[in-house]
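Each chain, written out:
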Amino acid sequence: LVKVLGKIKIIKKPEDTLVKVETKIAGFRKNLSNMKGKEKTLIKAFFVALARFVIYFAIPFFIGLGLGVELENLNLPLCISFGCYIWILSMFIVIPGGSGGAEAFFVLLFTNVLLSSTGASLAAPGMLLWRFVTFHIPLVICGIITFIFNKKKNAKFFQEVPAEFKWIFLRKHH
């Protein structure tokens, strides 16, 4: 596939790209073989990831509760599915954080869900709170953590990371 895309000039330097693809595949196979015999860890990771996604996608529900939206208009499974749709759709927007598109999708989907007691839509203030909670707060927190760990090269945190996850921090980025 890489060679074909290189011939029609979609991929520049197909040889270099092919080496990168083969390296990634080899790394995937190595990591997959490292996971053999660690089924409990995989199951735990699955449930932790599932819980993370459910909590992340449920944030609009809790924002709605905070804005005083009545529960007859607010539906947790609907909010989770809308949150998932927004996340998937924002993956197609090729700017950092899906800026603009994620907000537009939020307002579009939640206009008839986040309603005040007078019937006015609270989608715009809900979107501002949602974006702040899901994008800006994590951005600031990660920036602070990165700053701290760059100051302390031998951080205790790294020493406390379980051995099966240390490869995440040790891999070289190309």
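This text goes with the structure placed above it.
The structure displayed is predicted, hence computed values, not measured ones. (Residues numbered from 1 in each chain as written. Predicted model: local features only at pLDDT ≥ 70, side-chain atom pairs only at ≥ 80, totals over all residues. Heavy atoms only, no water.)

A. Representation of the overall build of the chain within the structure. Summing up its helical and strand segments, the chain has eight helices and zero strands in all. Along the chain, helices (α) and strands (β) appear in the sequence α-α-α-α-α-α-α-α when read from the amino end. Within the chain, the fraction of its 174 residues that count as buried is 21%. Contacts in the chain between residues far apart in sequence, at least 24 positions, make up 47% of those at least 6 positions apart. Approximately 13100 Å² of the chain is accessible, and the part contributed by carbon and sulfur atoms is 69%. (Helix = DSSP H or I, 4+ residues; strand = E, 2+ residues; numbered from the N terminus. Buried < 20%, exposed > 50% of the residue type's maximum accessible area, 1.4 Å probe, protein only. Contact = heavy atoms within 4.5 Å. Areas by Shrake-Rupley, 256 points an atom, 1.4 Å probe, with all protein chains shown as cover.)

B. Layout of the pattern of salt bridges. Enumeration according to the criterion identifies one salt bridge in this entry. Between Arg131 and Glu103 there is a salt bridge; the shortest N-O distance is 2.8 Å. Pair noted here: Arg131 is in helix 6 (residues 123-151) and Glu103 is in helix 5 (residues 101-110), with a separation of 28 residues, a long-range link. The burial state of Arg131 is the same as that of Glu103; both residues are buried. (Salt bridge = Lys/Arg side-chain N within 4 Å of Asp/Glu carboxyl O.)

C. The arrangement of the packing of aromatic side chains in detail. The full count for this structure, using the stated rule, is 10 aromatic pairs. Ring plane angle 85 degrees and centroid distance 5.3 Å describe the contact between Phe61 and Phe62, whose orientation is recorded as edge-to-face. Taking relative accessible area as the criterion, Phe61 reaches 11% and is therefore assigned buried. Among the aromatic residues, ring-to-ring pairing joins Phe82, Tyr85, Phe106, Phe110 and Trp130 into one connected group. Sitting over the face of the ring of Phe53, Arg52 holds its NZ or CZ atom 4.9 Å from the ring centroid. Here Arg131 stacks its cationic end above the ring of Phe135, 4.7 Å away from the centre of that ring. (Phe/Tyr/Trp six-rings, centres within 6.5 Å; stacked < 30°, edge-to-face > 60°. Lys NZ or Arg CZ within 6 Å of the ring centre and 35° of its normal.)

D. Up close: the packing of helix 4 (residues 76-90) against helix 5. Between helix 4 and helix 5, the least distance of the axes is 9 Å, while the angle of their chain directions is 150 degrees. The angle between the axes of helix 4 and helix 5 places the two elements in the roughly antiparallel class. The element helix 4 and its partner helix 5 pack so that their crossing is right-handed. On helix 5, the residues touching Cys79, Phe82, Tyr85, Ile86, Leu89 and Ser90 of helix 4 are Ala102, Phe105, Phe106, Leu109 and Phe110. Considering only residue class, the contact of helix 4 with helix 5 consists of 10 nonpolar, one polar and no charged. (Axes fitted to C-alpha atoms, helices over the stretch in contact; angles between N-to-C directions. Parallel < 35°, antiparallel > 145°, perpendicular 65-115°, else oblique. Left-handed = near helix turned anticlockwise from the far one by under 90°. Nonpolar A, V, L, I, M, F, W, Y, C, P; charged D, E, K, R; others polar.)

So, to be careful, I would describe these as geometric facts and stop short of saying anything about function.
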